[in-house]
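Per-entry structural report
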Amino acid sequence: MLTVCDLSVSYGRFQALRSVSLQAAPGSILGLIGPNGSGKSTFLNVIAGVQAVASGEVRLDGTLVPLGLPERVAAHGIGRSFQTPRLAHRLTVFQNIMIGARPQAGERLRSLFLQPATVRRREADIQDEARSVLRRLDLSHKANDYAGMLSGGQQKLLSLGMLLMGHPRVLLLDEPAAGVNPVLIERQINLLKELRAEGRIILLVEHNMEMVCGVCDRVVVLDSGAVIAEGDPDAIRRDERVMRSYLGE
Ligand code: ADP
Ligand code: MG
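Residues numbered from 1 in each chain as written. Chains lettered and ligands numbered in written order. Predicted model: local features only at pLDDT ≥ 70, side-chain atom pairs only at ≥ 80, totals over all residues.

On to the sheet that holds strand β1 (residues 2-11). If you trace the 4 strands from one edge of the open sheet to the other, you get β2-β1-β4-β5, paired in antiparallel fashion. On the outer flanks of this sheet lie β2 (14-24) and β5 (63-64), each paired with one strand and no other. Inspection of the sheet shows β1 paired to β2 by 7 bridges, in the antiparallel sense. Looking across to β2, one finds that Ser10 is bridged to Gln15. The sheet contacts of helix α1 (residues 40-48) involve β1, β2 and β4 (55-60), and relative to β2 the element is tilted by about 65°. (Pairing = 2+ DSSP bridges. Helix = DSSP H or I, 4+ residues; strand = E, 2+ residues; numbered from the N terminus. Contact = placed C-beta atoms within 7 Å. Axes fitted to C-alpha atoms, helices over the stretch in contact; angles between N-to-C directions.)

As structure tokens, this is what we get:
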């Protein structure tokens, strides 16, 4: 269980998050929506450990997650994707996927001397896994293309694949559907459902309400850094205050 309690963040005098609390269970997708500037990305940054907090805490299965320390947060099995995918454009799709399986610092060099056979096997295992992730994304036919040559939607899938190579228990996704064509959005939706069925926790920041309503078990609505509503997608859609603030209707 991911539990966020009373999280507050300030940029100087500006308060970007105001005492935000939420919970997400294993095998569930929690949507995080709200107008631009409402603090969604800031929230993901906090959980990913790259944004300092003024107060509050995050726990995963009761264990305190060390905020502000991205490497240690990653070691807790928390992984994130970015609004604009961070790919190595001049490496191939396959090479990018392999980057997602970054070993611990020093691990490769040390074990190279101690257990060369083990290292070779591990490398082969990672390559097998990379191939299976590409199959899962339906990107196998692009394995040897430069990542920079992919369409925007394919780049988003690739960044999801890189994330999966780190075996995250918690996935933080920042607008995966933005600028993506409907066919690839559908593929993302299927993938998210599979990941949920595997028992992972997914926090989905997304403007595309079809995607939000199609996959989320619950939705939290942020406005000006505060939670203004929470419920199942249908209830959120019927909530007048949400409509006014978020959809501008
Ligand atoms: P969202 O992702 O919901 O659009 P953000 O979390 O990116 O919102 O931003 C929330 C608010 O905090 C915005 O008003 C934004 O201008 C502000 N903000 C975000 N990052 C910074 C920063 N590094 N320094 C100062 N203000 C920031
Ligand atoms: Mg954002």
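Right, picking up where we left off after that structure.
Moving on, we get to the sheet that holds strand β3 (residues 28-33). Taken in spatial order, the 6 strands make up an open sheet running β6-β7-β8-β3-β9-β10, and their pairing is mixed. Whereas interior strands pair on both sides, the edge strands pair on one side only; in this sheet they are β6 (78-81) and β10 (226-231). Within the sheet, the average angular offset between the axes of one strand and its neighbour, ignoring direction, is 20°. Of the pairings in the sheet, the one linking β6 to strand β7 (residues 170-174) comprises 4 bridges and is parallel in character. Bridging across to β7, Ile78 finds its partner in Val170. Each of β3, β6, β7, β8 (201-205) and β9 (218-223) touches α1; the most contacted strand, β7, lies at about 150° to it.

Now for the site of ligand 1. Taken together, Tyr11, Phe14, Ala16, Gly34, Asn36, Gly37, Ser38, Gly39, Lys40, Ser41 and Thr42 are the residues near ligand 1. Among the elements of the structure, β2 and α1 are those that each provide at least two residues to the shell around ligand 1. Tallying contributions element by element places α1 first for the shell around ligand 1, with 3 residues. Residues of the shell around ligand 1, tallied by class, amount to 3 nonpolar, 7 polar and 1 charged. (Near = placed C-beta within 6 Å. Nonpolar A, V, L, I, M, F, W, Y, C, P; charged D, E, K, R; others polar.)

Time to look at unusual backbone geometry. At Asp138, a residue that is not glycine, the phi angle is positive and equals roughly 60°. Among the structural elements, Asp138 can be located in the loop between α5 (116-137) and α6 (152-164). The backbone of Ser224 sits at a positive phi, close to 50°, despite the residue not being glycine. Tracing the backbone through its elements, the reader meets Ser224 in the loop between β9 and β10. Here Ser224 falls in the partly exposed class, since 15 other C-beta atoms lie within 10 Å of it. (Buried ≥ 20, exposed ≤ 12 C-beta atoms within 10 Å, placed from the backbone.)

This next bit is on the domain arrangement of the protein. The domains assigned to the protein are domain 1 (1-77 + 168-249) and domain 2 (87-166). In this complex, domain 1 contributes 11 residues to the contact, which on the side of domain 2 involves 8 residues. If you tally residues by element for the side of domain 1 that touches domain 2, the top one is helix α7 (residues 182-197), at 4 residues. Tallied by class, residues from the side of domain 1 that touches domain 2 come to 7 nonpolar, 3 polar and 1 charged. (Domains from an automatic or database assignment.)

Counted at 1.5 Å a residue, the expected span for α6 with its 13 residues is 18 Å, and the 19 Å between its end C-alpha atoms agrees. Counted residue by residue, α6 has 12 buried out of 13 residues, so it is predominantly covered. Among the residues making up α6, those that are buried are Gly153, Gln154, Gln155, Lys156, Leu157, Leu158, Ser159, Leu160, Gly161, Met162, Leu163 and Leu164. (Expected span 1.5 Å × (residues − 1).)

Further remarks concern the nonpolar core. If you look at the biggest cluster of nonpolar residues, it comprises 63 residues, and the most contacted ones within it are Leu32, Leu172, Ile202, Leu203 and Leu204. Here the element with the most residues in this core is α6; it accounts for 6 residues. Here this core spans two domains, since at least three of its residues come from each of domain 1 (1-77 + 168-249) and domain 2 (87-166). Leaving out residues up to four positions away in the same chain, Ile202 has contacts with Ile29, Leu171, Leu173, Leu192, Leu195 and Arg196. (Core = buried A, V, L, I, M, F, W, Y, C linked by C-beta atoms within 7 Å.)

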